[in-house]
Structure formats: structure tokens, C-alpha cells
2 protein chains.
Amino acid sequence: MIVDKLFDAVAMRGPVCVGLDTAIEYLPPEFRAGFDDPGEALFQFNRRIVDATTASCACFKLQIAYYEALGLEGLRTYARTLQYIRGKGCIAVADIKRGDIAATAQMYAKAHFEGEFEADYVTLSPYMGMDSIEPWLPWVQDHDKGLFVLIRTSNPGAVDIQYLEQKSGARVYTEVGRRVAELGTHHIGTCGYSSVGGVVGCTHVEEAQVLRQQLNTVFFLVPGYGAQGGTAADVALYLTNGNGGIVNSSRGILLAWKKQEGGAAHFDACAGAEVERMRDDIRAAVNALQT
Amino acid sequence: MIVDKLFDAVAMRGPVCVGLDTAIEYLPPEFRAGFDDPGEALFQFNRRIVDATTASCACFKLQIAYYEALGLEGLRTYARTLQYIRGKGCIAVADIKRGDIAATAQMYAKAHFEGEFEADYVTLSPYMGMDSIEPWLPWVQDHDKGLFVLIRTSNPGAVDIQYLEQKSGARVYTEVGRRVAELGTHHIGTCGYSSVGGVVGCTHVEEAQVLRQQLNTVFFLVPGYGAQGGTAADVALYLTNGNGGIVNSSRGILLAWKKQEGGAAHFDACAGAEVERMRDDIRAAVNALQT
């Protein structure tokens, strides 16, 4: 099961998920200038980031919006990057936040779990209901794929819907979490977590503790480290003994070269060093929690 | 404003939205056989459907999942179909149900309101909160674009989240509707509706009446006619004097040729006749409501 592969990757190389939300503006100008074609420049940038971080990260996440914004050429780069990552035996998460039902959901699953855009995991949005998640389960069951369903996101607007308080006193995201855990019960790997995972953001301490405790079979994708204000102490709350979740950073890694004098010439080494720093930062926070 | 253009289209040609959720299996085999390339076959099929229905529909909606499922070739067909529709001066709705925040939302807006994939309207999913909708507003304001935000969908699973009852007694979708209407107040056209519209499904009679009354500036995209079990009487409740909304049908139109002996040879005429039948069916139901 894919969740066991991801669990092992975290155990071996730490919980960092390298977010390839690569905007063309993130490339060092000198590097960009070496290519006629923006798609080719993006791909070669991604390839070097992947090579420099593979040894110290759990997986890679591609935010498809950045590629869609460049039209067909961008999507060709998206496909090539996915293929490169998976060709190296690494895990690729397609951050697509799709959410649609029935035949449409099946078409999306075909699009992102087969063919040119094949990824190992996708992110999904649950607003339409569980019948927008269920059509993906045959791929989880039979094709070794995984899901991260939005539960509690880390943006300010998350309160608008996810935080609405029900009659029972529970918030909407609690109910979504419960249902995601329930859907995942038939897809639990030997590591004790399910291939049906959830996206949970950096929030209050108690909220994080409750989420980790109540959803103890749900593998977490945690955004918001660094650029979105989350600290290692915040994200450590979502990890149990340092596992059971991955922590994404995108700009912090892709733009690490800007923080170092002469970094442009070795942007990949800067990214690799930033991933190691982040991994150690989170591991230290996990250790601090345990003592 | 785009909503005025859509309002006028409904007034002139009726409320039918032709859903180009075109699966390769929907093409008559004889027609399909005339093309080497599935992408070209799909485009030529779409082109003939568009030509045959332009005179009797309000607009076209493309469900992007059907194109994504064919990879880059499918997305090339998606782009060509959009360009063909808009080239004729017709309105194209990109049914993409995206929902992401900040820079990512801006990338999506760039992807679907500019360049190769440019559409007039997009559908959005609100689970992440209003900060996943707000980044699209500059395009509404300055580039004559429109949004349909999911409010109350017509699938059975809609009850899972949208129906959760809050402490106030109101359901989640009511709160979403209120917020969508609020966001739209600065984008109301001369027709009295906003370019920030909403997706509302065929449901109970009272629910539909309340939605139409409470959200009286929200232009509706109503799915679920035909294939999903909605009748003309159901959808008429969402229209005020026959306007203020569009009613989508996809398979009912694309597969109309299967219901007629020898229909394969003139699938486009079958689609055209089905759109006219549907338009008249809805108009009759609207008249019945008014008397």
C-alpha cells in the first residue's frame, strides 16, 4: 500500500514534502536565460531541485495550478516532472483539490492516476460530499494509490465553512475528519495508517492534539510551514513520534537560493540545505514534545 | 458585465446550458472511425454539437475532467473547443470546481481566464473559505468574467457537508449562499443579478423557493436536469419569470442520437432537437408556475 511506502520514506528520510509550486519567477534569471522555452526551463529547474532533495525528503507535491497557468506547455512540464519523480522511485502527490461526483470523479481519477499525469497521491476537496471521494477508492484498493482529503486547512478563510459549529457543538471539519477516517478503514496499511489521508493545517495547539488523537489512522498532509507562518513546534503536534504525516514547504525550498549570497548559481544545493534544515528543525520539535 | 450577456442570452434563446462533458464513448462509432486521433474526433463532435445548438441555448459548459482524462491531447481539445465557442461570440463556462487560496488561486484564475484555456465563467468549490473565491474577483471586476460557486449540489452526498445543521438552525449551504451573495454585491449588472453566481441543484420544492427568494441577486447554474432525475418543474423553481439561471444537461443532449433510429448519422440535429425540447419543457413549467 502506498501509505506504507510513504510511512517508510518518512521514517528513513524525515517528514518533509517538497512542494514544487514552481512559478517561472522563482527561477534564477541566469538559469532561466539558458532556455528558449519556459516549459523546458521549469522542468530543468524542477529536475535539479528533485535531485538535490531526494535524499532528505519524504516525497514531492506538485501544485497543478502553477502549471495550468502556463497552458498546455505548462501541463507538459507538469507531466514530465511527475514522470521524472516517479521514475526515480519517489512518491509524487498531485495537489489538484478536485471534488466532483460519479462519472466526472472517475474521469478525474483516470486523469491523475493513469496515463501522462499519473501521480501516487491526489488531494481532494469534500464539499460535494462523500460521493465525491468514494469513486476514487477503487484506485486506492487496486492500484496502490492514495488520497489526501481537505479536512482543516491553514488559511484564514478556513473558518468560513470548516469552522461552522453544528448543533452537536462539533465543527464542520470535525465531521469531515470523522468521515474521512471512516472511509479509510478498509485501506489501512501495516504501518497503522490509511491510504485515505487528510490535509490538516497549522492551527491551535489543542485543536492539533485533538485532531491527531481522534484521527489516529489518518495520515496527514500538513501545509503552512514557513511561508504560511507555521513553526516546527506547530507541525510536530500532527506527527506521532515524528511519523504519520508529511509537512509541506514550497517557496521556502524553491527560493532558498535568494537567501544566500551567490545562491543563484547553486539553487539546487540551497534547496537541499533548506530541506535538511527543515527536517532537523521538525525532528527537534518532535523530540522536544516527547520529553 | 458577463452576467448581463448571459441574462440576455437566456431571454433570447432560453435557459439551456449545453454540457460538453464529452466522453469518447458518446461519439457514434461511424463518426469516431473517421478520425485517427481521438482528440480530433472529440473536437469535431463538439464543433457540430455547438453549431447545432447555438440558436436554442444560452451557453455551453465544459466539464474539464472529461478532457483531463485524455491527458495533454484531451486538454488540447478542451482549449480548441473553448476557443471555437468563444470565437462564435457564445458564452463558455469552464466547469473546473477549483478551490484554492492566495497565489494558487491567482494561478488558476490566470489559467482559466487568460490564454489557451480562457473561459467566460468558471465553477468554484468553497470548502477552503471565501479567501479561495476572493482572488478571482479582480477578473470579475476588470475582465468581464463570472463565477459559479457551489452552494447546494444535486447529488445524494450533498447532505454530508452542505446539509449539516448549525447551531442557528441554518444549514451549511445556507451560510455559503449568504456569503456568495455578499461577495457578489459589488458585481451586479443592469439585469439585477451578479456576475458572482452559484450552483444550486434540483432539490425539494420549499428549499428551491427559499433559495431563489433569499439569493435574489445570485444567478444560478442548475445541474441535474434529465440524467440526474430533475424535471422541468423542479428547475423552474430556480428561475424567476424564466430567467436568473441556466439549466445544464449533458448526456441528454450529447446522446440524443441514440434515442432515434438512424440518429448516429445526424447526431447534431438530434442534439439540436433535444435542446429545443428541453427549452420548451422548461418554459412550459415556468408558465405553469406563474398561473
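Note that the structure is a prediction, hence the values are computed from the model and not measured.

What counts and how
Residues numbered from 1 in each chain as written. Chains lettered and ligands numbered in written order. Predicted model: local features only at pLDDT ≥ 70, side-chain atom pairs only at ≥ 80, totals over all residues. Heavy atoms only, no water. Pairing = 2+ DSSP bridges. Helix = DSSP H or I, 4+ residues; strand = E, 2+ residues; numbered from the N terminus. Axes fitted to C-alpha atoms, helices over the stretch in contact; angles between N-to-C directions. Contact = heavy atoms within 4.5 Å. Buried < 20%, exposed > 50% of the residue type's maximum accessible area, 1.4 Å probe, protein only. Expected span 1.5 Å × (residues − 1). Parallel < 35°, antiparallel > 145°, perpendicular 65-115°, else oblique. Left-handed = near helix turned anticlockwise from the far one by under 90°. Least-squares fit on C-alpha atoms with pLDDT ≥ 70 in both. Salt bridge = Lys/Arg side-chain N within 4 Å of Asp/Glu carboxyl O.

Caption draft 1: Representation of the sheet that holds strand β5 (residues 146-152) of chain B. All names here are of chain B. Overall, parallel pairing links the 8 strands, which are arranged β1-β2-β3-β4-β5-β6-β7-β8 in a closed barrel. The sheet shows a mean angle of 30° between the axes of neighbouring strands, taken without regard to direction. Here strand β4 (residues 121-124) runs beside β5; their pairing, made up of 4 bridges, is parallel. Within the sheet, the bridge partner assigned to valine 122 lies in β5 and is leucine 147. Helix α1 (residues 2-13) rests against β2 (59-63), β4, β5, β6 (194-200), β7 (218-222) and β8 (245-249) of the sheet, and its axis sits at about 55° to β7.

Caption draft 2: Representation of the environment of glycine 244 of chain A. Residue and element names in this part refer to chain A. Within the secondary structure, glycine 244 sits in the loop between α11 (232-236) and β8 (245-249). By relative accessible area, glycine 244 is classed as buried at 0%. Each C-alpha atom, one on glycine 244 and one on proline 28, is 35 Å from the other, the two residues being 216 residues apart in sequence. When near neighbours in sequence (up to four residues on either side) are disregarded, glycine 244 contacts Phe7, Tyr193, Arg212, Val218, Phe219, Phe220 and Tyr238.

Caption draft 3: Here's a closer look at helix α3 (residues 38-53) of chain B. The end-to-end C-alpha distance of α3 of chain B is 22 Å, a good match for the 22 Å that 16 residues give at a rise of 1.5 Å each. If you check which residues of α3 of chain B are buried, you get Gly39, Ala41, Leu42, Phe43, Gln44, Phe45, Asn46, Ile49, Val50 and Thr53 of chain B.

Caption draft 4: Spotlight on the packing of helix α3 (residues 38-53) of chain A against helix α5 (residues 71-87) of chain A. Residues and elements named next belong to chain A. Two elements in contact, α3 and α5, have axes separated by 9 Å at closest approach and are oriented at 25°. Judged on the interaxial angle alone, α5 and α3 are roughly parallel. α3 and α5 meet at a crossing whose hand is right-handed. Facing α3, whose interface residues are Pro38, Gly39, Glu40, Leu42, Phe43, Gln44, Asn46, Arg47, Val50 and Asp51, α5 presents Glu73, Thr77, Arg80, Thr81, Tyr84 and Ile85.

Caption draft 5: Representation of the relation of the copies chain B and chain A in the model. Aligned on chain A, chain B shows an RMSD of 0.0 Å; the corresponding rotation is 180° and the shift along the axis is 0.0 Å. Taken together, the rotation and translation describe the operation of a two-fold axis. Here 100% of the interface residues in chain B have copies in chain A that are interface residues too; the copies meet face to matching face.

Caption draft 6: Structural view of the pattern of salt bridges. Within this structure, the stated rule accounts for 42 salt bridges over all chains. Residue aspartate 100 of chain A is joined to lysine 97 of chain B by a salt bridge in which the shortest nitrogen-to-oxygen separation is 2.7 Å. Residue aspartate 100 of chain A is found in the loop between β3 (92-98) and α6 (102-113), and its partner lysine 97 of chain B is found in strand β3 (residues 92-98); the two belong to separate chains. Lysine 97 of chain B gets classed as buried once you look at its relative accessible area, which sits at 9%. Of the charged contacts in the structure, one is a salt bridge between glutamate 118 of chain B and arginine 86 of chain B, with a shortest N-O distance of 3.4 Å. Here glutamate 118 of chain B is found in the loop between α6 (102-113) and β4, whereas its partner arginine 86 of chain B is found in helix α5 (residues 71-87), with 32 residues between them in sequence. Among the charged side chains, a salt-bridge network with shared partners connects Asp160 of chain A together with Glu175, Arg178, Arg179 and Glu182 of chain B.

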